[in-house]
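Chain residues, written in single-letter form:
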Amino acid sequence: MIENPYHTSVLLHECIDGLAIKPDGIYVDVTFGGGGHSRAILEKLGPQGKLFAFDQDPDAWRQAEKIDDDRLELITANFRHIQKYLRIHGIKQVDGIMADFGVSSFQLDAAERGFSTRFDGPLDMRMGPSASTDAAEILNSYSAESLQKIFGMYGEIKNARTLAQAVVQARTQKALKTTSEFKEILAKLAPRSREFKYFAQAFQAVRIEVNQELAVIEEFLEQAANLLAPEGRLVVLSFHSLEDRLVKNFIRTGDSHGKEDKDLFGVVHKPLESVIRKPITATEEELKRNPRSRSAKLRIAAKI
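Owing to the predicted nature of the structure, the values given are computational and were not obtained by experimental measurement. (Residues numbered from 1 in each chain as written. Predicted model: local features only at pLDDT ≥ 70, side-chain atom pairs only at ≥ 80, totals over all residues. Heavy atoms only, no water.)

Looking now at the pattern of salt bridges. When their charged atoms lie close together, side chains carrying opposite charge are able to pair. On inspection of all chains with the given rule, the structure shows 15 salt bridges. In this structure, Glu260 and Lys262 form a salt bridge, with 3.3 Å as the shortest nitrogen-oxygen distance. Lys262 gets classed as partly exposed once you look at its relative accessible area, which sits at 47%. Via salt bridges that share partners, Asp57, Asp59, Arg62 and Arg113 belong to a single interconnected network. (Salt bridge = Lys/Arg side-chain N within 4 Å of Asp/Glu carboxyl O. Buried < 20%, exposed > 50% of the residue type's maximum accessible area, 1.4 Å probe, protein only.)

Quick look at the structure:
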């Protein structure tokens, strides 16, 4: 499998193995990104197989144009609408669904996207052009209470209240427009020798709010369970505990928040069953090759 320099796919072989691909099956890659997982799926499919790939990022669309394969159908939409768009294509059931919730290397390395703490760029952080708001609007218009909630819940920042108040105070002087201006605020409050982690937590919190990432995952999981054929596989890569918790809960109980639906005999009704005992993580070899794989957790489930 040839890796795309646009983005190094994490746990690529493990993801493909987890899909247990049938040559004539129908599969969905809901996060096309650089196309690494999609290319690997196509290699396993036969002439009658079909792959639908979702991505809302125009940069990913340009990557998809490089794949000349009639078996690939790109859907330029957010995967929270997976069921709707597959129905448009006449698809009611699929044999496997792949999701990689990580931000692509290209997005992180493109200063103009505003995702990275390493570069100065506009406060954007939108995964796709259809997002209704950007990072600048959130930081400049949300109340201190709302910002505190975002920093605390999505960034797991301990001094979330102090940070929220600092953002509100700073914007009274001038509107925040760049990532560097946001980092200036963060630098004053970051724990000593842990600045980078603090920056990453704050950026993550704002990015999650911009793209409504956790709500999207919840909607996706419910639809994925409905779309999978019996014994069909769901393969999900998560990169922080908030994402992974939703996936883990859904596989265990059929509910993203872990609420169990039990019958009179105490049997939990759920659509999926885990096919691995523990989530798969990167090997030492992969960690050396791709440090961004450090936080990745891979969960694999089958439709009951």
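To continue, consider the environment of Phe203. As for its placement among the helices and strands, Phe203 is situated in helix α10 (residues 195-211). A relative accessible area of 3% means that Phe203 is categorised as buried. Apart from the residues lying within four places of it in its own chain, the contact partners of Phe203 are Gly114, Phe115, Ser116, Thr117, Met125, Thr179, Phe182, Lys183 and Leu186. (Helix = DSSP H or I, 4+ residues; strand = E, 2+ residues; numbered from the N terminus. Contact = heavy atoms within 4.5 Å.)

All right, on to the sheet that holds strand β5 (residues 228-238) then. What links the strands of a sheet is backbone hydrogen bonding, and the strands pair in either a parallel or an antiparallel sense. Spatial strand order, β3-β2-β1-β4-β5-β7-β6: seven strands in an open sheet with mixed pairing. Every interior strand has two partners, whereas the edge strands, β3 (72-75) and β6 (272-274), have only one. Averaged over all neighbouring strand pairs, the angle between strand axes comes to 20°, with direction disregarded. Both strand β2 (residues 50-54) and β3 contribute to a ladder of four bridges, which runs parallel. Bridge pairing links Ala53 to Leu74 in β3. (Pairing = 2+ DSSP bridges. Axes fitted to C-alpha atoms, helices over the stretch in contact; angles between N-to-C directions.)

Here we take up helix α11 (residues 213-227). Taking 1.5 Å per residue as the helical rise, α11 with its 15 residues ought to reach 21 Å, and the 21 Å between its terminal C-alpha atoms agrees with that figure. Turning to α11, its buried residues are Glu213, Leu214, Val216, Ile217, Phe220, Leu221, Gln223, Ala224, Ala225 and Leu227. (Expected span 1.5 Å × (residues − 1).)

Let us now look at the packing of aromatic side chains. Applying the stated criterion to the full structure yields six aromatic pairs. Note on Phe79 and Phe220: the rings are 5.3 Å apart at their centroids and 85° apart in plane angle, and the pair reads as edge-to-face. Here the residue Phe79 occupies a position in the loop between β3 and α4 (82-88), and Phe220 occupies one in helix α11, the gap between them amounting to 141 residues. With relative accessibility at 13%, the residue Phe79 sits in the buried group. Measuring from centroid to centroid gives 6.3 Å for Phe101 and Phe220, while their planes differ by 90°, and the two rings are edge-to-face. On the criterion of sequence distance, the pair formed by Phe101 in the loop between β4 (94-100) and α5 (105-109) and Phe220 in helix α11 is long-range, its members being 119 residues apart. When its relative accessible area of 7% is taken as the criterion, Phe101 is described as buried. In this structure an aromatic cluster arises from ring pairing among Phe79, Phe101 and Phe220. Over the ring of Phe52 we find Lys50, and its NZ or CZ is 5.7 Å from the ring centre. (Phe/Tyr/Trp six-rings, centres within 6.5 Å; stacked < 30°, edge-to-face > 60°. Lys NZ or Arg CZ within 6 Å of the ring centre and 35° of its normal.)

The next point concerns the pairing of strand β7 (residues 297-303). Working note: regular strand, side chains alternate between the two faces of the sheet. Burial runs high along β7: six of the seven residues are buried. In this sheet, β7 lies alongside β5 in antiparallel orientation, the contact comprising six bridges. From the neighbouring strand, Leu237 faces β7, where its bridge partner is Leu298. One ladder, built from three bridges, connects β6 with β7; its direction is antiparallel. Residue pairing for β7: Leu272 is matched across the bridge by Lys303.

Another aspect to go through is the confidence of the model for the protein chain. For the protein chain, the average pLDDT comes to 94, and 98% of its residues sit at 70 or higher. Every residue in residues 1-6 is under pLDDT 50, and counting partners more than four places away or in other chains gives 19 contacts. (pLDDT = per-residue confidence, 0-100.)

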